[in-house]
Every structure is written in structure tokens, then in C-alpha cells.
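For reference, the chains in residue letters:
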Amino acid sequence: MSYHPELLAPFLALDQGEKVQAEYVWIDGDGGLRSKTTTVTKKVTSIDQLRIWDFDGSSTNQAPGGDSDVYLRPAAIFKDPFRGGDNILVLAECYNNDGTPNRTNFRHSAKKIMDQAKEHQPWFGLEQEYTLFDVDGTPYGWPKGGFPGPQGPYYCGAGAGKVFARDLIEAHYRACLYAGINISGINAEVMPSQWEFQVGPCEGISMGDHLWMARYLLVRIAEQWGIKVSFHPKPLQGDWNGAGCHTNFSTKEMREPGGMKAIEAAIEKLAKRHNDHIAVYGEDNDLRLTGRHETGHIGTFSSGVANRGASIRIPRHVSAQGYGYLEDRRPASNIDPYRVTGIITETTCLL
């Protein structure tokens, strides 16, 4: 696969008049991302200016062949870092032709929960880990037919042989900033060719919107590098770290002085619904939550201050000051953020 930016550049520099390209992005039937483009007659200043569009759901595992129309309802707008100018990226929700949300649309129910819990002002910060692979299926930058040295020098590493594809990661970071995604940081992870970006704090439903669009930008940019992105929680067996999506969460009550009481009450509620949460915390998460490699075991709920082997970690500075937030370390890297933020809000604020 080859990408030719030098051939494309003069065409992207051409004047497009008042017309704008809108790239509709949606989540498909397998938790992947799809997109297609439509022309809008003038600059978009409000989501109401965008039409409801449709696509062939039988080609995305979202509808049967005999009734294949699935509808795209615009939900959030971001600036387009690939085309620049007034061009936009549109995150869209999927609906069936009878008006019901498609089975892949977890935003619909999460939005209802967030609206009900509005007074609690739920904030989230998600830590998205992922692994880079070469087109041949081997981890990017690893010696062909072999392995790099054991884990140790790679986490937040600097220097040749310790860090892989930093140019791709920097491109993604800047693209997120340009697009208006609330990206808050990046770091190289414990396993070589594994990275993390953080998004947040975001309130309510916007957390899922921003994380999904950040993922879309990552896979699109990696496409230009000829690199594949894996969100699998245990992409390699053996003594290598898995990939998670640690979820930092707080309510208005937790963030105010004396909020430790609210944090402890939330942890108590989370403990009672451990299995319900694990059910939506990612596919193949059992391969990651083994009690090793900085994880708690999938079968047991635990919490503690500064304990990276617990289900829920209270950061040390939060414990010391007596208010702040908690970190749910159970979600896997391949979660649907709408499901995770939805159930955490439901459990802690509505039950």
C-alpha cells in the first residue's frame, strides 16, 4: 500500500469555492469505523444544517440484505485535519428505517442516562492504549522472526530501539488538537510498539464522541503510514502487557472538598455490579485481567489507594486532599466508550 502526499498536495490546494466536504463517520457492526463523504453547499455552523443520510447496512454487518438501509443522524462535528479549511468530520448515530436505534448504536441509551444524571455533572477521562502492527501482522518495529528485549526500557522511552513510530503518534496528537478533540496527552507504553493517548476531561455524552473520533483519526493517519492499529486487549500472548482503557470518573460531589465520601459511596455501588460492568468492559478482557501485568483479576472486585493491581484505584493525591476522582482500571482497550461511561454513570448516579 502506498500513499503519495506529494501527488495529492496540489489538488488539496485547489479552491473549493463555498462548498464544504462533510465526512460522516460511524461505528459498524463489528466495532470498527466507517466513513463516507457528502458535499454541503455552504460552511456548517450548526448540526441542524446537516442532513440525515443512509448507507448499505448489509455491507457493514448492521442490517440484512433484504432491508439494508441504515440511517446516519449527525451527533457531533469536528474540524477535518485531512482536508483542512471549512471541511468537517461528522460523527453520526445509526438508526434503522423504523426509527429505532441500530443494535450497534450505544450512544442512544448512554445519552438518556447522561441526561438523567445531568445535575451530577459526570466527568470522564479515558486512557486509550493500542498496539501498532506492520501490514504483515507482526508488531511494528519488532525484529522480523524475533522479539525485542524484555519490557522495561519502552514505557515513556526515548531513543532508537526503545520507541517505534513516534512520527505517527505526533501526527495523531496534532490532528486531534486541530479537530477540536479534547486530547490531554500521549505516552509510549510498557510493551514496545504500544502507545496510549488520553482524552478528557469530557462531560457526559461528549466523552464517547471525542474518544471515537480520536480513534478514527488514529486509524486514518496510520493508514497513510501503512501501519495497522490494534485495540485488542491482549494482542500478543506471553510476558507482554495487555492494552486497557482506564476510565477516570468524577461527579460534582466528588470534586468538591469532602468528596471522598461520595467516592467511597460510588466504589461501594460499583462493587455490587462488578459482573454487569465486566459484561460491557470489552471483548477478550479475560485475557488481560489476569491479576498480572498491573491488572486485577476479572473474577474479583477490589479497590485501593495508588494500587495498580486493583479494579478501582484512588490516586494518592486524591486520598491526601480528600476529594477528586476515581480510576476504573477494568475496561479493555476495545470498549465502546458509550457503554462504559453509560453504565458507570447509571451505577453511581441513578441507582
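Overview of the structure. (Residues numbered from 1 in each chain as written. Predicted model: local features only at pLDDT ≥ 70, side-chain atom pairs only at ≥ 80, totals over all residues. Heavy atoms only, no water.)

Regarding the overall build of the protein
Here is step 1 of the chain: Broken down by element type, the protein carries nine helices and 13 strands.
Here is step 2 of the chain: Along the first, second and third principal axes, the C-alpha set of the protein runs to 55 × 50 × 40 Å.
Here is step 3 of the chain: Split into buried and exposed, the 351 residues of the protein put 51% on the buried side.
Here is step 4 of the chain: Within the protein, contacts between residues at least 6 apart in sequence are counted, and of these 66% link residues at least 24 apart.
Here is step 5 of the chain: For the protein, the accessible area works out to roughly 15,900 Å², and carbon and sulfur atoms hold 51% of it.
Here is step 6 of the chain: For the protein, the distance from the average site of its 36 positive side-chain charges to the average site of its 42 negative ones is 3 Å. (Helix = DSSP H or I, 4+ residues; strand = E, 2+ residues; numbered from the N terminus. Buried < 20%, exposed > 50% of the residue type's maximum accessible area, 1.4 Å probe, protein only. Contact = heavy atoms within 4.5 Å. Areas by Shrake-Rupley, 256 points an atom, 1.4 Å probe, with all protein chains shown as cover. Lys, Arg positive; Asp, Glu negative; His and termini not counted. Charge placed at Lys NZ, Arg CZ, Asp CG, Glu CD.)

Examining the environment of Asp-328
Here is step 1 of the chain: Within the secondary structure layout, Asp-328 lies in strand E13 (residues 326–328).
Here is step 2 of the chain: For Asp-328 and Ser-58, which are 270 residues apart along the polypeptide, the C-alpha to C-alpha distance reads 36 Å.
Here is step 3 of the chain: A distance of 2.7 Å separates the side chain of Asp-328 from the side chain of Tyr-281, its partner in a polar contact. (Polar contact = N/O pair within 3.5 Å; in protein donor to acceptor, adjacent residues only side chain to side chain.)

Description of the environment of Gly-185
Here is step 1 of the chain: Counting through the fold element by element, Gly-185 comes out in strand E7 (residues 183–188).
Here is step 2 of the chain: Setting aside residues up to four positions removed in sequence, Gly-185 forms contacts with Tyr-173, Glu-196, Phe-197 and Gln-198.

Things to note about the nonpolar core
Here is step 1 of the chain: Counting 62 residues, the largest nonpolar core has Tyr-130, Leu-132, Ile-181, Leu-217 and Leu-326 as the members making the most contacts within it.
Here is step 2 of the chain: No other element matches the 10 residues that helix H4 (residues 206–225) contributes to this core.
Here is step 3 of the chain: Discounting residues that sit within four places of it in the chain, Leu-132 has contacts with Pro-139, Tyr-140, Ala-165, Leu-168, Ile-169, Ser-193, Trp-195, Ile-227, Lys-228 and Val-229.
Here is step 4 of the chain: By size, the runner-up hydrophobic cluster in this structure holds 16 residues, among which are Trp-53, Leu-72, Val-90 and Ala-92. (Core = buried A, V, L, I, M, F, W, Y, C linked by side-chain atoms within 4.5 Å.)

Some points on the packing of aromatic side chains
Here is step 1 of the chain: According to the stated counting rule, one finds seven aromatic pairs in the structure shown.
Here is step 2 of the chain: Consider the rings of Tyr-130 and Phe-197, whose centres lie 5.9 Å apart with planes at 50°: the pair is tilted. Remark: Phe-197 occurs in strand E8 (residues 194–203) and Tyr-130 occurs in strand E6 (residues 123–133); sequence separation between them is 67 residues. For the pair formed by Tyr-130 and Phe-197, the shared burial category is buried. (Phe/Tyr/Trp six-rings, centres within 6.5 Å; stacked < 30°, edge-to-face > 60°.)

Considerations on helix H9 (residues 337–350)
Here is step 1 of the chain: Across its 14 residues, H9 extends 18 Å between first and last C-alpha, which sits within 8% of the 20 Å expected from 1.5 Å per residue.
Here is step 2 of the chain: All of the buried residues in H9 are Pro-337, Tyr-338, Val-340, Thr-341, Gly-342, Ile-343, Ile-344, Thr-345, Thr-347, Thr-348 and Cys-349. (Expected span 1.5 Å × (residues − 1).)

Let's talk about unusual backbone geometry
Here is step 1 of the chain: For the peptide bond that leads from Gly-200 to Pro-201, omega is 0°, which places it in the cis range.
Here is step 2 of the chain: One non-glycine residue, Ala-306, lies in positive phi territory at about 55°.
Here is step 3 of the chain: The residue Ala-306 is located in the loop between strand E11 (303–305) and strand E12 (312–314) in this model.

What about the pattern of salt bridges?
Here is step 1 of the chain: Under the counting rule described, the total for this entry stands at 16 salt bridges.
Here is step 2 of the chain: A salt bridge links Arg-273 to Glu-346; the nearest nitrogen and oxygen atoms lie 3.1 Å apart. With a gap of 73 residues between them, Arg-273 in the loop between helix H6 (260–272) and helix H7 (274–278) and Glu-346 in helix H9 connect regions that are remote in the sequence.
Here is step 3 of the chain: Its relative accessible area of 19% is what places Arg-273 among the buried residues.
Here is step 4 of the chain: Here the salt bridges do not stand alone but share partners, grouping Glu-23, Asp-80 and Arg-83 into one network. (Salt bridge = Lys/Arg side-chain N within 4 Å of Asp/Glu carboxyl O.)

A few points about the pairing of strand E4 (residues 69–79)
Here is step 1 of the chain: As defined by bridge partners, strand E3 (residues 53–56) adjoins E4 across four bridges and the pair is classed as antiparallel. Counterpart to Trp-53 in the pairing with E4 is Leu-72.
Here is step 2 of the chain: Sheet topology note: the E4/strand E5 (residues 88–96) ladder contains nine bridges and is antiparallel. Across the sheet, Leu-72 pairs through a bridge with Cys-94, a residue of E5. (Pairing = 2+ DSSP bridges.)

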